[in-house]
Each structure stands twice: as C-alpha cells, then as structure tokens.
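The lines below spell out each chain.
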Amino acid sequence: MKKIVEIKNMSAGYNGQRVLKHVSLSIFGNDFIGIIGPNGGGKTTLLKVILGLVKPWEGRVEYLQSDGNKKLNIGYLPQQFSADRKFPISVGEVVLSGLLRRRNIVRSYSKDERDRAEEVLARMGIGGLSSKAFGELSGGEMQKALLARAIISSPQLLLLDEPNTYVDQVFESELFDILEELNKRMAIIVVSHDAGMISSYVKTIACVNGELHYHPSNEINNEILKAYNCPIDLITHGTVPHRVLKDHKK
Amino acid sequence: MAELFTHEFFKNALLAAVLASISCGVIGTYVVSRRIVFISGGITHASFGGIGIGYFLGVNPILGAAAFAVISALGIEYLTKRIEIRNDSVIAMFWAFGMATGIIFVYITPGYAPNLMSFLFGNILTVSAPDIMFMVILTAVIVLFFIFFIKIILFISFDEEFARIKNMPCQLFNYILIGLVALTVVINIKVVGIILVLSLLTIPQNIANTLTMNYKKIILLAVLFGFIGLVSGLLGAFYLNIPSGASIVFTLVIMLAIVKAVKRLIIYSRGIK
C-alpha cells in the first residue's frame, strides 16, 4: 500500500514549550493506528501537525499523493467540540460542510450531496435528524454528526481524537465496527485513552509521550515480542505502563 | 400621517430605515451568531476617534469615522489572533483609545462642534441624500457578498478550525467580514448613533433567533423586525417628540420582550417547560 504521509524528525510545541520532539512517522493508505499516551504527551498536537493546524518547529511533514495534489483530503473528529452550541445551523448543514472545497464555495449543495449526507447520518444511527438544529442534539448525537462530517468526503486519511467520548457503550462498539469498515478505503489514526478498546481494532499502536514509539505489525518478530513482553501483534512502549491483550477482540 | 410623507426628510428617513434594516439585519446575524458583539462595540466606539479627527481637519466626520472604524476592526482582528493579549483587553483598548482620540480632537477644534450629539445618539431625520447613496452602495455590497458566500460564511462562523483543515481562506474572510461590520456601523451612525448602533446589530437578530434556528431565516426575519422597529420608533419619536435613536432602541427592546413572552406562553400552554 502506498505511503500517504511522511513525517521526518519533526518537533513542535506551543508558546515556546516543546511538546513533540524528533517524531518520525510514516502513514500508509491502509493504516489503522491507535495512539495512546499520557495527558500532555502530545497526542492531539501530533494530529494537529498532520492536519496543518500546528506548524512544526523543525523537521517536515510531506503529503504524498499519486494525483499530484498538494493537500491531502483529511477527515477530522476533534476531541472537544468548542463551537457555540446555540449556533443557528442544522445537523444536515454541519455534515454537508465536510464536502466544502475551495472550488465549490459559491454553488449550492447538489441533491446527490444532500442524499449523501442523509446516507452518512443514517449510517451513524441518527438518520432523520438532518433538519434538526445542531445545538438541540445530545452529546452523543453531536459526536455522531461530527463523525458524519468527517467521513462524508471519503477522505484518504481519517483522524479521530477520542471518538468514544460522549457516546454510549452500544455505539462505541458500533463506532469501531464502522471504523474497521472505513479502513478498507482510508487510513485511520485514532487517539484514545482506552488502549484495551482500540487494541481490538487497530493494526498498530503508537505511544506518544513527547517522543513517538511505534511498531507497524509487519515489523514484529519474536525478538520484539519478547523484549516488550507483549503476546500479540501490537506493540506499545514508552514511559506509560500498559499492556495490550489479544483476547480483547470481541 | 399622510402629510409626513410629503416631507423630503421623512422620505429619506424611511429609505434609511429600509437600508439600515437590511445592512444591520445581515451583518448583525453574523455578529450575533459569531458572538462578536463586544468586538462590534469596540469598533463602534473607536469610530468616534475618526469623527473627532474629521472635525479637527474640516473633513466629513463620517469619512473619518469610516477610516477609524475599519482600521480598528482590522487591528482588533489582527491583534487578537497574532499577539498574546486577551481578546477583551484588545477590544477595550481600541474602544477607549478611539473615544479618547475623539474627545481630544473635538476639544482642540476651534469653535463649537454643533452635531456631536447626533453622532453619539443619532437622528434618522437628519439622513441626507448623499448618506442614502452611501447606504445603498454598502447595502448592495453586503447583500451580494452574503448571497455569493453564505455557505463559507456559515461554515467559518460555526467551526473555523475545521474550515482551516478544509483549506478555506478563513483569514481573508475574517478580515472582509470585520471590515463590513465596521462600515455597517459607520453608515448607521446617523440612524441611531454610535452609542445605540449595537442595538440594530443585536436586537432584531435575537427576536428572530427566538423564532428560528435557521441562519438564513434569522437574516430575513432580522431585516423584517429591524424595519418594524425602525419605523415604529421613528413614528414614536415624531408623535411623542422624543429623540429618534432612543425611541428606535426602546421599540426594539419592547418587541423582543413581547416575542419572548409570547413564545414562553405558547411553550407553557403546550405543557413543555
């Protein structure tokens, strides 16, 4: 599978304080990477660097596309949605905003695009809420609507920051099933505190704690398994004590 | 009543009411939904600096206000994003600096500044034909801009971070929109004055928002409620012989109270708390 993002020796931070140092990461088109780490370890910062919202202090981020486009189509579900809950916008408009491109900012949304929004909302289990005000949704419904916004444009890379926050346990399992299905068409990086939950689904786990440590599953050999005392094809290490067990898979 | 319409000044006032309700209805919806009312307050009061300088230099004070308002608007937008000063502090600085500049220049201008009160509290009956022309042009620009770019305006206002991820020209739109807020404030100074212009940018929108959560409908209803408030306030001022700017604001607040009360009554009558 083709590499879509290459991060080389990247450091980044805020207000003069370094959060990430010398991070290198390759993301392939079929990757499903789970990112764990302590609070303040740089998980969200890493996502924001990939999204282009935070500029690296050093090193570089390259988006590698076969069609020559400079900007990769990336879907994003933020950790905390900070927008105004009373903003006058419908659920359908929020989802459709995921389709906005520079070249189509003037024209109205087509019927196909509106149908697509309905379809994605239905897949998220909130079909029929398209015309409802976004601010009238529950926390879980909002999360689903924002996930629908993130995937409606069929991005090449989907980044999710704590996607299981605010959603009930039933939808949490369903969410990861949806992500597994989406992973057939796009690379996914999911940040979570719940290593047990994501380990059942992701192909690779990375630990971010200032630095990044990760192992793609295809690099795993008996020596590594023994070194990390990890009995499965997921390797996590760093300063956070954690252990991931294969039998978490449902 | 019919006699009123024979007066040129009243016809100008009515035309100004139509144009003010459109420009403030559209721009005010952006201001209220984006929660930048305080920024608009800062721009409004900073424009007084331009009025003072205009008086001092002997040029049209409204031109001075326009220049000062736009510079303040762009300055607030730039500084709140680029420099580590709290947003509200930056706004307060421009607010106070503009007012202070205006007072100093009015004070050092030889002679008496005759229409100062009309700039502070407005008088829709003093709107002239050139003012109307300026209002027509700016209102047309605002309406066309919103018709063409409503999708991206809505999108950036709702979630700027996501818009930036989608590679939208957020900063360009932020500057253009805050510039339009500044110019809207300036063209409406004669209608309700610097002190009261915020009412036209917020009260009709809040009345509309009580009835709908749809952005486009809020714009249309805000224009309608703004026009009703302006005309009712104008007539109230005429018959009660009170200042028109204050009368308009008073009318708008009463309208808001009535709509909120009626909505609450309807909700209670349906048994929903």
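See the structure shown above.
Owing to the predicted nature of the structure, the values given are computational and were not obtained by experimental measurement.

Student: I tried to follow the overall build of chain A on my own but got confused; where do I start?
Tutor: Looking only at helices and strands, one finds 7 helices and 9 strands in chain A. When each of the 250 residues of chain A is scored for burial, the buried share is 42%. A sequence separation of at least 24 residues applies to 70% of the contacts in chain A between residues at least 6 apart.

Student: What is the right way to look at the environment of glycine 229 of chain B in this model?
Tutor: All names here are of chain B. Mapped onto the fold, glycine 229 is located in helix α10 (residues 215–240). For glycine 229, a count of 27 C-beta atoms within 10 Å translates into the label buried. A sequence separation of 106 residues divides glycine 229 from asparagine 123, and the C-alpha atoms of the two residues are 15 Å apart. Setting aside its immediate chain neighbours within four residues, glycine 229 contacts Pro204, Ile248, Thr251, Leu252 and Met255.

Student: Looking at this structure, I do not really get the environment of phenylalanine 28 of chain A. What am I missing?
Tutor: Within the secondary structure layout, phenylalanine 28 of chain A lies in strand β2 (residues 17–28). Expressed as a C-alpha distance, the spacing of phenylalanine 28 of chain A and glutamine 156 of chain A, which sit 128 residues apart in the sequence, is 9.8 Å.

Student: Before we go on, may I ask you to explain the interface of chain B and chain A in this structure?
Tutor: The extent of an interface is frequently quoted as the accessible surface area lost upon association of the parts. The partner chain A presents 19 residues to the 22 residues of chain B that form the contact. Sorting the residues of the side of chain B that touches chain A by element identifies α6 (129–158), α7 (160–165) and α10 of chain B as the ones contributing at least two each.

Student: I'm lost on the packing of helix α9 (residues 189–211) of chain B against α10 of chain B in this one. Help?
Tutor: Describing two packed helices takes the angle between their axes plus the distance from one axis to the other. Residues and elements named next belong to chain B. Axis separation between α9 and α10 bottoms out at 8 Å; the angle between their running directions is 120°. As far as their axial angle goes, α10 and α9 are oblique. When the axes of α9 and α10 are compared, the crossing they make is right-handed. Here Leu200, Pro204, Gln205, Ile207, Ala208, Asn209 and Leu211 of α9 lie close against α10, whose contacting residues are Ile218, Leu221, Ala222, Phe225, Gly226 and Gly229. Along the lines of polarity and charge, the residues of the contact of α9 with α10 split into 9 nonpolar, 4 polar and no charged.

Student: Would you mind going over helix α1 (residues 43–51) of chain A with me for this structure?
Tutor: Residues three or four positions apart in an α-helix share a direction because the helix packs 3.6 residues into each turn. Residues and elements named next belong to chain A. In terms of residue burial, α1 counts as a mostly covered element, since 8 of its 9 residues are buried. All of the buried residues in α1 are Lys43, Thr44, Thr45, Leu46, Leu47, Lys48, Val49 and Ile50. Backbone geometry just after α1 places glycine 52 at a positive phi near 85°.

Student: What is the right way to read the pairing of β2 of chain A from this model?
Tutor: Along any regular strand, the residues point their side chains to alternate faces of the sheet. Note: strand β1 (residues 3–14) of chain A against β2 of chain A, 8 bridges, orientation antiparallel. Directly across from valine 5 of chain A, in β2 of chain A, lies its bridge partner isoleucine 27 of chain A.

Student: Would you mind showing me how to read the sheet that holds β1 of chain A here?
Tutor: Residue and element names in this part refer to chain A. Strand order across the open sheet formed by 3 strands is β2-β1-β4, with antiparallel pairing between neighbours. Looking at which strands have only one partner, the edges of the open sheet turn out to be β2 and β4 (58–63). Neighbour-to-neighbour, the strand axes of this sheet turn through a mean angle of 15°, independent of strand direction.

Student: Would you mind showing me how to read unusual backbone geometry here?
Tutor: Trans is the prevailing form of peptide bonds, just as negative phi is the prevailing case for residues other than glycine. Residue and element names in this part refer to chain A. Positive phi, normally seen in glycine, also occurs at asparagine 9, with a value near 50°. Along the chain, asparagine 9 turns up in strand β1. Residue classification places asparagine 9 among the exposed residues on the basis of 12 C-beta atoms within 10 Å.

Student: I tried to follow the nonpolar core on my own but got confused; where do I start?
Tutor: Side chains of nonpolar character tend, in soluble globular proteins, to be buried together. One finds Val95 of chain A together with Ala69, Val181, Ala182 and Val186 of chain B to be the most contacted residues of the largest nonpolar core, which totals 152 residues. Not counting residues within four places of it along the chain, the set of residues in contact with valine 186 of chain B comprises Ser47, Ile62, Ala65, Ala66 and Ala69 of chain B.

Student: Which parts of the structure should I look at to understand the packing of helix α2 (residues 37–57) of chain B against helix α8 (residues 170–187) of chain B?
Tutor: All names here are of chain B. At a minimum axis separation of 10 Å, α2 and α8 run at an interaxial angle of 50°. Looking at the two axes, α2 sits oblique to α8. When the axes of α2 and α8 are compared, the crossing they make is right-handed. The segment α2 lies against α8, with Ser40, Ile43, Thr44 and Ser47 engaging Val181, Ala182, Val185 and Val186. Residue composition of the contact of α2 with α8, grouped by class: 5 nonpolar, 3 polar and no charged.

Rules used throughout
- Residues numbered from 1 in each chain as written.
- Chains lettered and ligands numbered in written order.
- Predicted model: local features only at pLDDT ≥ 70, side-chain atom pairs only at ≥ 80, totals over all residues.
- Helix = DSSP H or I, 4+ residues; strand = E, 2+ residues; numbered from the N terminus.
- Buried ≥ 20, exposed ≤ 12 C-beta atoms within 10 Å, placed from the backbone.
- Contact = placed C-beta atoms within 7 Å.
- Axes fitted to C-alpha atoms, helices over the stretch in contact; angles between N-to-C directions.
- Parallel < 35°, antiparallel > 145°, perpendicular 65-115°, else oblique.
- Left-handed = near helix turned anticlockwise from the far one by under 90°.
- Nonpolar A, V, L, I, M, F, W, Y, C, P; charged D, E, K, R; others polar.
- Pairing = 2+ DSSP bridges.
- Core = buried A, V, L, I, M, F, W, Y, C linked by C-beta atoms within 7 Å.

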